[in-house]
Amino acid sequence: MNTKQEKLDAFGRLLDIMDDLREKCPWDQKQTLESLRHLTLEETYELSDAILQGDLQEIKKELGDVLLHLVFYAKIGSEKESFDIADVINSLNEKLIFRHPHIYGDTIVKDEEEVKQNWEKLKLKEGNKSILGGVPKSLPSLVKAYRIQDKVKGIGFEFHDAEDAWKKVDEEIQEFHEETDPVKKEQELGDVFFSLINYARISGINPDSALERTNLKFISRFQKMEGLADEQDLKLADMSLEEMDVLWEKAKRLS
């Protein structure tokens, strides 16, 4: 692997290239913080896909794309004379040191849970008015629920174990089935999802990863089913559900 100096040289070269692009490339010159935002989200999801696929070479590529965006934002910040990449990194360094007193101070922790609890308490000392203040509003709902639950866990607001959390799932499902008002039924369904996510988290399962893997599995099997239909000169839209189920079972066996 590369030496520390080689890593620093590579990062310095990236900064030089960013300067060149911002000065000479018509597309790069036009970009703003706002115009890059949706592209950054896209790159982040592409990185997420690569991670789920376990493709290390693709992860390397997507990390580069995300890093480019971070450097781009910092470059624009420097043009506005607000901050540059050194300010970004120094701020991060100081935050990491402050939030790890068990490494850079005298605090003693016995396990990961105490580290997370200290982390949330220190964030409040930094000026956050609420434990949940740092949860981004634009997070996808499933991810947001997970982060909310994980954060309140940091101050001890948590079920004792997964069994207790599953009892809450059962309770919410029962309330969902008993509700007849459409508006309230939607609310109850939200409670079911929230409690399921909580159970998964306490059980050590990332619900977002679990759901995405199921999405990918379904896509793969459905596309195999489409292929089987094509081989028989059949169109799924013209088939009955029972006929499609036969192909679905064959597709599952091919997975």
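Residues numbered from 1 in each chain as written. Predicted model: local features only at pLDDT ≥ 70, side-chain atom pairs only at ≥ 80, totals over all residues. Heavy atoms only, no water.

The name given to the chain in an unreviewed UniProt entry is Nucleoside triphosphate pyrophosphohydrolase, with Chryseobacterium lactis as the source organism. Turning to the chain, the UniProt annotation filed under Sequence similarities (unreviewed entry) states: "Belongs to the nucleoside triphosphate pyrophosphohydrolase family." Within the UniProt record for the chain, the comment given under Catalytic activity (unreviewed entry) is "ATP + H2O = AMP + diphosphate + H(+)". (UniProt positions renumbered as here; feature names shortened; annotations may be inferred.)

Q: Any chance you could explain the overall build of the chain here in plain terms?
A: For the chain, the count of helices and strands is 12 helices and 0 strands. Start at the N end of the chain and walk to the C end: the helices and strands fall as α-α-α-α-α-α-α-α-α-α-α-α. In summary, the chain has a C-alpha radius of gyration of 24 Å against a globular reference of 18 Å for 255 residues, an excess of more than 25%. On the principal axes, the C-alpha backbone points of the chain span a range of 65 × 50 × 40 Å. Buried positions account for 22% of the 255 residues belonging to the chain. (Helix = DSSP H or I, 4+ residues; strand = E, 2+ residues; numbered from the N terminus. Rg over C-alpha atoms; globule rule 2.2 N^0.38 Å. Buried < 20%, exposed > 50% of the residue type's maximum accessible area, 1.4 Å probe, protein only.)

Q: Which parts of the structure should I look at to understand the packing of helix α8 (residues 141-153) against helix α10 (residues 182-202)?
A: Packed helix pairs are specified by the crossing angle of their axes together with the interaxial distance, meaning the distance between the axes. Taken N-terminus to C-terminus, the directions of α8 and α10 make an angle of 60°; their axes are 10 Å apart at the nearest point. When the interaxial angle is binned, α8 and α10 end up oblique. Of the two possible hands of crossing, α8 and α10 adopt the one that is right-handed. Along its contact with α8, which presents Leu142, Ala145, Tyr146, Ile148, Gln149, Asp150 and Lys153, the element α10 presents Phe194, Ile197, Asn198 and Arg201. When the residues that make up the contact of α8 with α10 are grouped by side-chain class, the tally is 6 nonpolar, 2 polar and 3 charged. (Axes fitted to C-alpha atoms, helices over the stretch in contact; angles between N-to-C directions. Parallel < 35°, antiparallel > 145°, perpendicular 65-115°, else oblique. Left-handed = near helix turned anticlockwise from the far one by under 90°. Contact = heavy atoms within 4.5 Å. Nonpolar A, V, L, I, M, F, W, Y, C, P; charged D, E, K, R; others polar.)

Q: How should I be thinking about the nonpolar core in this particular structure?
A: Across soluble globular proteins, you tend to see nonpolar side chains buried next to one another. Listed in full, the 8 residues of the largest apolar core are Met225, Leu228, Ala229, Leu236, Met239, Leu247, Trp248 and Ala251. For this core, the secondary structure elements donating two or more residues are α11 (207-231) and α12 (241-254). Ignoring anything within four residues of it in the chain, the contact list for leucine 236 reads Phe222, Met225, Glu226, Ala229, Met244 and Leu247. Residues Leu36, Phe72, Tyr73 and Ile76 belong to the second largest nonpolar core, which totals 6 residues. (Core = buried A, V, L, I, M, F, W, Y, C linked by side-chain atoms within 4.5 Å.)

Q: I'm lost on a nonpolar patch on the surface in this one. Help?
A: A cluster of nonpolar side chains, contributed by Trp166, Leu189, Phe193 and Leu196, occupies part of the molecular surface with about 340 Å² of accessible area. We classify tryptophan 166 as partly exposed; its relative accessible area is 35%. (Patch = residues over 30% accessible without salt bridge, like charges linked within 9 Å, V, L, I, M, F, W, Y side chains within 5 Å. Areas by Shrake-Rupley, 256 points an atom, 1.4 Å probe, with all protein chains shown as cover. Salt bridge = Lys/Arg side-chain N within 4 Å of Asp/Glu carboxyl O.)

Q: Hey, could you run me through the domain arrangement of the chain in this one?
A: Interfaces are often sized by the accessible area lost when the parts come together. On domain assignment, one finds that the chain holds domain 1 (4-99), domain 2 (101-129), domain 3 (130-205) and domain 4 (209-254). Listed by partner, the interface residues are 8 residues for domain 2 and 6 residues for domain 3. Of the roughly 720 Å² buried between domain 2 and domain 3, counting both surfaces, carbon and sulfur atoms make up 47%. At the boundary of domain 2 and domain 3, one finds 0 salt bridges. Counting across the interface, domain 2 meets domain 3 through 0 residue pairs in polar contact (both at pLDDT 80 or more). (Domains from an automatic or database assignment. Buried area = accessible area lost by both parts, 1.4 Å probe. Polar contact = N/O pair within 3.5 Å; in protein donor to acceptor, adjacent residues only side chain to side chain.)

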